[in-house]
Amino acid sequence: RFILDGKRRFILDASQMSDDHSRFDGLSSLISFTGVSVPARARFVAKCLGSTLFSSLTLGLVAGQSGALLSCGPLIPFLAGSWAGYTWGIVSFWRQAKTKATNCARRYPKILAHSLLTDFDVEIPTNVSLESTSQESYPSDKVSMEAWINDGGVGRLSYAVLAAQSCDEDIIEMQKGERQRIVEAYSGSSDSNSTNS
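Residues numbered from 1 in each chain as written. Predicted model: local features only at pLDDT ≥ 70, side-chain atom pairs only at ≥ 80, totals over all residues. Heavy atoms only, no water.

## Some remarks on the overall build of the protein
Phase 1 of the analysis: Looking only at helices and strands, the protein has eight helices and four strands in total.
Phase 2 of the analysis: Ordered by position from N to C terminus, the α and β elements of the protein give β-β-α-α-α-α-α-β-β-α-α-α.
Phase 3 of the analysis: For the protein, with 197 residues in total, the buried portion stands at 25%.
Phase 4 of the analysis: Intrachain contacts of the protein at a sequence separation of at least 6 include 55% that bridge at least 24 residues.
Phase 5 of the analysis: Carbon and sulfur atoms make up 61% of the accessible area of the protein, which totals about 13200 Å². (Helix = DSSP H or I, 4+ residues; strand = E, 2+ residues; numbered from the N terminus. Buried < 20%, exposed > 50% of the residue type's maximum accessible area, 1.4 Å probe, protein only. Contact = heavy atoms within 4.5 Å. Areas by Shrake-Rupley, 256 points an atom, 1.4 Å probe, with all protein chains shown as cover.)

This is the structure:
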């Protein structure tokens, strides 16, 4: 988008430009571009299917081509490659989703707790601290959100992964705002340096 300043010039609004380009980052962004609201579970399943399908087909086709050049033929290497690609895709996707959830719990525990409560009706106990500080600074009766998730087993981790998917767009918006403030601070300091010289 362009905005008009007082001198009748068009200036590109950088925050709007980054928002417009963020719509095309992936399948879920393309769906959100249409205005349809997709639940976190459906986004997780769609991303998982896309990831595993791509890795399964890629490894399967490469193994099948390699088998066609050898005496064993293409079919068995294709099946083995597809199986290995699917396994690799699903494991790497789970690791990525788990890392995203634990990072969200570490950096944005209040947002994750809100998403857990409102989207999945998972209440956070009172002994869980919702402050994003290091574990050493907690009182002995408090635990971090990240430790609470990790100590809760697969069920709690699964809900945390879905909650992180659910609040992902809000966190991206916060990070964009932080980045914009940093850029404006640099722009302000460079403007004051140019007027001083």
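## Observations concerning the nonpolar core
Phase 1 of the analysis: The biggest cluster of nonpolar side chains holds 26 residues, and the ones touching the most others in it are C104, L112, L116, M145, W148 and I149.
Phase 2 of the analysis: When contributions to this core are tallied by element, the ones reaching two or more residues are α3 (40–69), α4 (75–107), α5 (109–120), α6 (145–151) and α7 (153–166).
Phase 3 of the analysis: Top element by residues in this core is α7. It accounts for six residues.
Phase 4 of the analysis: Excluding residues within four positions of it along the chain, I149 makes contact with A105, L112, R156, L157 and A160. (Core = buried A, V, L, I, M, F, W, Y, C linked by side-chain atoms within 4.5 Å.)

## Describing a nonpolar patch on the surface
Phase 1 of the analysis: A cluster of nonpolar residues, L53, L57 and L61, forms a patch on the protein surface that exposes about 290 Å² of accessible area.
Phase 2 of the analysis: Considering the arrangement of structural elements, one finds L53 in helix α3. (Patch = residues over 30% accessible without salt bridge, like charges linked within 9 Å, V, L, I, M, F, W, Y side chains within 5 Å. Salt bridge = Lys/Arg side-chain N within 4 Å of Asp/Glu carboxyl O.)

## A word on the packing of aromatic side chains
Phase 1 of the analysis: Here the structure, examined in full by the defined rule, presents two aromatic pairs.
Phase 2 of the analysis: Ring centres 5.2 Å apart and planes at 55 degrees place the aromatic pair F44 and F93 in the tilted group. In this pair, F44 is assigned in helix α3 and F93 in helix α4, connecting sequence segments 49 residues apart. The burial state of F44 is the same as that of F93; both residues are buried. (Phe/Tyr/Trp six-rings, centres within 6.5 Å; stacked < 30°, edge-to-face > 60°.)

## Thoughts on the pattern of salt bridges
Phase 1 of the analysis: Per the counting criterion, the structure on display carries four salt bridges.
Phase 2 of the analysis: Of the charged contacts in the structure, one is a salt bridge between E146 and R106, with a shortest N-O distance of 2.9 Å. Of this pair, E146 sits in helix α6 while R106 sits in helix α4, placing them 40 residues apart in sequence.
Phase 3 of the analysis: Judged by relative accessible area, R106 falls into the partly exposed class, the value being 39%.

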